[in-house]
Amino acid sequence: SIREGVVAVNNDGVITVLNDSAQALLDVTAGTVGRRVDDVDLDPAVKEFLSSGGDGQSDVVIVTRTRVLALNRRAATSQGRRIGTVTTMRDSTELASMQGQLSSHKSVTDTLRAQTHEFANQLHTISGLVQLGEYDSVHDFVGALTRRRAEISDAVTELVSDPAVAALLIAKTSLAAESGVALTIDGDSHLSALDPALSTDVITLLGNLIDNAVDVSEGSPEARVTVHLDDAEGMTVTVTDSGPGVPEHLREEIFARGVTSKPDVPGGRGIGLALVRLVSAQLGGTVDVTDAPSGGACFRVNLPPARLADHA
């Protein structure tokens with residue numbers, strides 16, 4: 001009757017206790033009791049955690065394809081003899097979504113900071129030119145800035161009709177530039193105006209993928225990130241980078257525990273990529289990562305047309 005899920009596994013790796021909450025959280029039935037963990041259809045990360053055993057206490061947050069689970073495992077003993085482990089779990093999906101929203105707000109703040117820094121530098125330049133009496137240079141400089149800003153806006157709005165997604169891409173372009181990374185929109189992209197709820201989900205997907213791509217591309221030769229959007233049938237969001245790529249053995253785990261292929265990023269990438277998979281699954285879609293044709297990684301989200309129609 002307790003809200004937390006409880007799973008007991010004996011020394012032979014056989015599940016001996018599985019309460020109702022655990023069945024719901026792991027999407028299994030009561031018939032799972034008596035079977036080995038390795039033989040049960042569980043998320044690979046959850047299966048590994050339940051099978052690893054170990055003495056003492058262990059805590060971990062695992063993101064499956066549909067939930068964010070906070071798991072705690074303790075060794076179980078009887079008459080001084082170890083008889084297995086007991087794992088409790090809580091559904092932290094809603095909490096993770098709130099964290100994702102906070103991360104999105106932080107991303108917006110960082111973007112505004114980057115734009116403020118950019119505008120401050122431009123104003124200082126204009127002020128210096130005015131003090132020097134170089135009024136023709138001021139005119140040329142302001143004209144160049146206006147054209148550049150218009151070029152960026154036009155390049156995005158010609159391909160992306162949804163105002164919120166277009167605004168995100170324009171803002172992320174400035175933020176990426178501050179990190180020395182060129183963010184571009186593939187010329188074959190197309191995205192129509194979206195339902196507000198779906199637009200919010202796409203912003204979450206796109207924002208996290210771009211942040212990840214800019215992070216790994218920073219400092220690489222010809223640092224670049226390319227975004228491609230296609231809504232011809234369903235929706236496809238593709239983000240490629242010039243980073244080191246993702247090794248094959250990490251391509252599943254990178255969405256589950258914030259694992260990173262970049263050696264100088266301690267503690268992984270937080271929950272950004274995990275949220276991408278979670279939101280994709282909630283929309284009935286998938287996300288995968290492959291090698292980009294020109295090097296780096298290629299993250300692709302595929303959303304089916306049937307689920308998108310529900311948001312129309």
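The model shown is predicted, which means the values in this text are computed figures rather than measured ones. (Residues numbered from 1 in each chain as written. Predicted model: local features only at pLDDT ≥ 70, side-chain atom pairs only at ≥ 80, totals over all residues. Heavy atoms only, no water.)

Draft legend 1. Spatial organisation of the pairing of strand 4 (residues 68-78). In terms of strand pairing, strand 4 meets strand 5 (residues 81-91) through ten bridges, oriented antiparallel. Its bridge partner lying in strand 5, Ala 70 is registered against Arg 90. A loop of two residues connects strand 4 with strand 5, the two strands running antiparallel in sequence, and Gln 79 in this loop sits at a positive phi of about 55°. (Pairing = 2+ DSSP bridges. Helix = DSSP H or I, 4+ residues; strand = E, 2+ residues; numbered from the N terminus.)

Draft legend 2. Geometry of the environment of Asn 302. Inspection of the secondary structure assignment puts Asn 302 in strand 10 (residues 297-303). For Asn 302 and Gly 284, which are 18 residues apart along the polypeptide, the C-alpha to C-alpha distance reads 8.9 Å. Ignoring any residue separated from it by four or fewer positions in sequence, one finds Asn 302 in contact with Met 235, Thr 236, Gly 285, Thr 286 and Asp 288. (Contact = heavy atoms within 4.5 Å.)

Draft legend 3. Structural context of the packing of aromatic side chains. As enumerated under the stated definition, the model contains zero aromatic pairs in all. Here the guanidinium or amino end of Arg 73 rests over the ring plane of Phe 49, the centre of that ring lying 4.4 Å away. (Phe/Tyr/Trp six-rings, centres within 6.5 Å; stacked < 30°, edge-to-face > 60°. Lys NZ or Arg CZ within 6 Å of the ring centre and 35° of its normal.)

Draft legend 4. Main features of the nonpolar core. Within the largest apolar cluster, 43 residues are counted, with the highest numbers of intra-cluster contacts made by Val 160, Val 165, Leu 169, Leu 206, Val 227 and Leu 229. When residues of this core are traced back to their parent elements, those giving at least two are helix 5 (163-178), strand 6 (182-185), helix 6 (196-217), strand 7 (224-230), strand 8 (235-241), helix 7 (272-282), strand 9 (286-291) and strand 10. Here the element with the most residues in this core is helix 6; it accounts for eight residues. Setting aside chain neighbours within four positions, we find Leu 229 in contact with Val 160, Val 165, Leu 169, Asp 188, Ser 189, His 190, Leu 191, Leu 206, Thr 236 and Val 237. In terms of nonpolar packing, the next biggest core, distinct from the first, is built from 20 residues, Val 28, Leu 42, Leu 50 and Leu 71 among them. (Core = buried A, V, L, I, M, F, W, Y, C linked by side-chain atoms within 4.5 Å. Buried < 20%, exposed > 50% of the residue type's maximum accessible area, 1.4 Å probe, protein only.)

Draft legend 5. Examining the layout of surface pockets more closely. Here the second largest pocket defines a volume of roughly 260 Å³. Along its surface, the second largest pocket is lined by Leu 25, Leu 26, Asp 27, Asp 41, Leu 42, Asp 43, Val 46, Thr 64, Arg 65, Thr 66 and Arg 67. Partitioned by chemical class, the residues of the lining of the second largest pocket number four nonpolar, two polar and five charged. (1 Å grid on protein atoms, 1.4 Å probe; cavity = no way out; pocket = protein on both sides within 12 Å on 5 of 7 lines; lining within 4 Å. Points joined across faces, edges and corners; volume = space filled by probe spheres on them. Nonpolar A, V, L, I, M, F, W, Y, C, P; charged D, E, K, R; others polar.)

Draft legend 6. Seen up close, the pattern of salt bridges. All told, the structure shown has four salt bridges when counted by the stated rule. Salt-bridge contacts for Arg 90 lead to Glu 4; the nearest nitrogen and oxygen are separated by 2.8 Å. Taken together, the residues span a long stretch of sequence, with Arg 90 in strand 5 and Glu 4 in the segment before strand 1 (5-10) at a distance of 86 residues. Residue Lys 172 pairs with Asp 211 through a salt bridge whose shortest N-O separation is 2.7 Å. Taken together, the residues Lys 172 in helix 5 and Asp 211 in helix 6 connect sequence positions 39 residues apart. Assessed through its relative accessible area of 2%, Lys 172 is described here as buried. Asp 211 sits in the partly exposed class, given a relative accessible area of 30%. (Salt bridge = Lys/Arg side-chain N within 4 Å of Asp/Glu carboxyl O.)

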